[in-house]
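Descriptive structure summary
The primary structure of each chain is shown beneath.
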Amino acid sequence: MNKLPFQNSDPAHTDFQFLEDLSTAYWYSEALFAAIGLNLFDHIENGNDRPRSLSEAARCREAELTRLMRVLTRIELVYEFEGQWCNSQSARTFLLSESPDYMGDFLLYRQYMQPQWGALAQRAAREDRPIRPFLSRDDDYEVRNFHYVRSTDRLIRQKVPEILQLVRRESWRGPLLDIGGGAGTLGRALIRTRPDESAVLFDLPEVIRAARKIHPAPEDWRQLRAVGGDFRFHPFAGAQFGLIVMSNFLHAYNPDTARELLESALKLLRPDGLVLIHDYFPDRRGRSPHKGAFYDLNMMINTYDGGCRDAVEIAEWLGQAGMERVTVLDLQTDTSVILAGRRRPAQICETEWDDWLYTAREIGFSDARHIVPAQVMTAPWVRMKCRFGCRGYGKGLQCPPYSMPHDELRPLLESYSHALMVQGSPPGRDFHDKLLELERQAFLSEFHKALVFGAGPCPVCKTCAVDEGCKNPEKARPAMEACGIDVYETARNAGFQVMPVTERHGYVKYFGLLLME
Ligand SMILES: C[S@@+](CC[C@H](N)C(=O)[O-])C[C@H]1O[C@@H](n2cnc3c(N)ncnc32)[C@H](O)[C@@H]1O
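Since the structure is predicted, the reported quantities are computational estimates derived from the model, not experimental observations. (Residues numbered from 1 in each chain as written. Predicted model: local features only at pLDDT ≥ 70, side-chain atom pairs only at ≥ 80, totals over all residues.)

**Some details on the sheet that holds strand β6 (residues 241-247)**
Ordered by their spatial adjacency, seven strands build an open sheet running β5-β4-β3-β6-β7-β9-β8, and the pairing between neighbours is mixed. This sheet does not close on itself; its edge strands, each paired only once, are β5 (224-228) and β8 (325-330). Adjacent strand axes in the sheet meet at a mean angle of 15° when their direction is disregarded. With four bridges joining them, strand β3 (residues 176-179) and strand β4 (residues 199-203) adopt parallel strand pairing. Counted as the bridge partner of Asp178 is Leu201 from β4. (Pairing = 2+ DSSP bridges. Helix = DSSP H or I, 4+ residues; strand = E, 2+ residues; numbered from the N terminus. Axes fitted to C-alpha atoms, helices over the stretch in contact; angles between N-to-C directions.)

**A few points about helix α16 (residues 380-387)**
When we look at burial in α16, the residues that qualify are Val382, Arg383 and Cys386. Seen from one end, α16 has its buried residues packed into an arc of 90°, which puts them on one side. Summarising the geometry of α16, the exposed residues directed more than 90 degrees from the buried face are Pro380, Trp381 and Met384. Contact partners of the buried residues in α16: α17 (406-414). Downstream of α16 by a residue or two, Gly389 has a phi angle that is positive, lying close to 140°. (Buried ≥ 20, exposed ≤ 12 C-beta atoms within 10 Å, placed from the backbone. Arc of directions from axis to C-beta. Contact = placed C-beta atoms within 7 Å.)

**Focus on unusual backbone geometry**
Here the bond from Gly174 into Pro175 is cis, since omega is -10°, no more than 30 degrees from zero. For Pro175, the location among the structural elements is in the loop between α9 (141-168) and β3. In this structure, Pro401 follows Pro400 across a cis peptide bond, with omega equal to 5°. Take Pro401: it is sitting in the loop between α16 and α17. The phi torsion at Glu82 lies on the positive side, around 45°, for a residue other than glycine. Phi is positive for Asn248, close to 50°, though the residue is something other than glycine.

**A few points about the UniProt feature "domain: O-methyltransferase C-terminal" (unreviewed entry) in the protein**
Cross-referencing UniProt, the feature "domain: O-methyltransferase C-terminal" (unreviewed entry) maps to residues 174-323 in the present numbering. Taken as a whole, residues 174-323 contains 35% helix and 21% strand, while its terminal C-alpha atoms sit 19 Å from one another. (UniProt positions renumbered as here; feature names shortened; annotations may be inferred.)

**Quick word on the confidence of the model for the protein**
Per-residue confidence for the protein averages 91 on the pLDDT scale, and 97% of its residues sit at or above 70. Predicted confidence for residues 346-350 stays below pLDDT 50, and this span has one contact to residues more than four positions away or in other chains. Here the predicted complex scores 0.78 on pTM and 0.99 on ipTM. (pLDDT = per-residue confidence, 0-100.)

**Side note on the pairing of strand β11 (residues 418-424)**
Among the seven residues that make up β11, six are buried, leaving the element largely enclosed by the rest of the structure. Pairing between strand β10 (residues 367-371) and β11: five bridges, direction antiparallel. Opposite His370, over in β11, you have Leu420 as the bridge partner.

**Side note on the packing of helix α4 (residues 51-58) against helix α5 (residues 62-74)**
Closest axis-to-axis distance for the α4/α5 pair is 9 Å, and the angle between their directions is 105°. One way to sum up the angle between α4 and α5 is to call them roughly perpendicular. Across the interface between the two elements, Pro51, Arg52, Leu54, Ser55 and Ala58 of α4 pack against Glu62, Leu65 and Thr66 of α5. The residue makeup of the contact of α4 with α5, split by class, is four nonpolar, two polar and two charged. (Parallel < 35°, antiparallel > 145°, perpendicular 65-115°, else oblique. Nonpolar A, V, L, I, M, F, W, Y, C, P; charged D, E, K, R; others polar.)

**Points about the site of the ligand**
Around the ligand, 16 residues are found, and the nearest of them are Ile156, Gly180, Gly182, Phe231 and Ser247. A breakdown of the residues in the shell around the ligand according to their chemical character gives seven nonpolar, six polar and three charged. (Near = placed C-beta within 6 Å.)

**Some remarks on the sheet that holds β11**
Strand order across the open sheet formed by four strands is β10-β11-β13-β12, with antiparallel pairing between neighbours. Only two strands of the sheet have a single neighbouring strand rather than two, namely β10 and β12 (451-453). On average, each strand axis in the sheet is inclined to that of its neighbour by 20°, with strand direction left out of account. As paired elements, β11 and strand β13 (residues 510-516) share seven bridges and run antiparallel to each other. Of the residues in β13, the one forming a bridge with Gln423 is Phe511. Here helix α18 (residues 428-444) sits on the sheet and contacts β11, β12 and β13; the angle it forms with β13, its principal contact strand, is near 15°.

**Focus on the environment of Val508**
Following the sequence through the fold, Val508 ends up in the loop between α19 (487-493) and β13. It is 8.6 Å that separates the C-alpha atoms of Val508 and Gly424, two residues lying 84 residues apart in sequence. Not counting residues up to four positions away in its chain, the partners in contact with Val508 are Ser425, Pro426 and Val501.

**Observations regarding the environment of Arg259**
Within the secondary structure layout, Arg259 lies in helix α12 (residues 255-267). Judged by the 19 C-beta atoms lying within 10 Å of it, Arg259 falls in the partly exposed class. Sequence-wise, Arg259 and Gly389 are 130 residues apart; in three dimensions their C-alpha atoms are separated by 57 Å.

Right, dumping it as structure tokens:
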């Protein structure tokens, strides 16, 4: 089983992400409780499986509900297929009120106990040690603001080394503008890599006051000038910057305002300048693949109308504003960085393989992994399972005995240096078409040797013209197993979870392989 992020404890942990994941573990419970409380699984099962009908049936606000549904999709309690949601196997078994194994009321009982958990510290403390909440709504705004700025600073400090690593490859010059820079830690770290350049830390006046308290040393402000104001209205009087940073800034706003703010920032960028956006993006699947969607809910709950945008959406805005080069990079923690400039890079970036994982997802595969052909396991017994056990044996030119045996496949595999293994689900023809699309995109991206292997008998023709020869060679592709690939072992090598399907309506996973060079 895949572990939830907060279960990844390891005594050798040296980064903070495990603790951050632990601290937000309650987000998971709350999303589950909300979904059960709103009877979403029942409504979906009853055919209210699109945003409009589900929100009507559950008497919810459509936009907000859709954001909750995105979280439920990410944690795989529901699936989305062509704009419709459907319940996962576990939701169907345990969360439908008519199911004999229904556990929703038990789970809501857990929710009922939750306030007592909130008082855990009081329970453990002696009476002479009253527990004051970390912050209370009665605290003065200045005090709350200080805590807010300090806490955002604690987090970004941990991320700065990795962000610096990513930006190291870029050739940028100052001056730098850190919009909504908080205590200035990211902007400060970046400008220190350019000792002769200067930076502006721009944030609300009260945040700048807090920043000065957090960083009282004059040395911390040597290259950094703090300017207090509201970015929506501040006149920058013709100033131009070589690097503009927006870290955890755009998510405080609704999409229209976020786009306007981004466009205003781009007007301050020199023609050769670079933009760095660091944020939680729901469509990214880095180390914490659920976090972007959850963080978006966090913004929905805790701000007026803020929300996290997908990285592809922001990349599109950047593209439309004339930024020709947009790169998205996932950090080792739960956020990602978008780097954008007006000029295309001279060479393909190192993250090319990551980009292919996202391309595979855009095509519609549920998951994808980059592997090397040595991880593809072949064995003579595989085709024997086709010979003894498959009704399709001998009925298709892409299947045994016509397909290539494993000892012919091996040298073919070795003539490639990379492969992408993709996971999808039935219907088989659909899966096959997606594989062909993946192969086509790889070919058009100058991987001229791109070749895919599918899952199960070739589905292109209803009946294969075994005696006459293939009628659709441009579309026909063999299955991995038909050529002697041990799909279970290879998928496990790639990091997928694979188990035999034991129930008639069990969730079926298909795997495909794209060889690339
Ligand atoms: C979540 S904090 C991020 C701080 C820092 N950039 C980081 O990544 O840790 C967002 C910051 O944006 C600032 N901010 C939001 N809207 C702003 C605006 N219109 N003008 C100036 N600052 C703004 C907030 O005051 C806050 O300090």
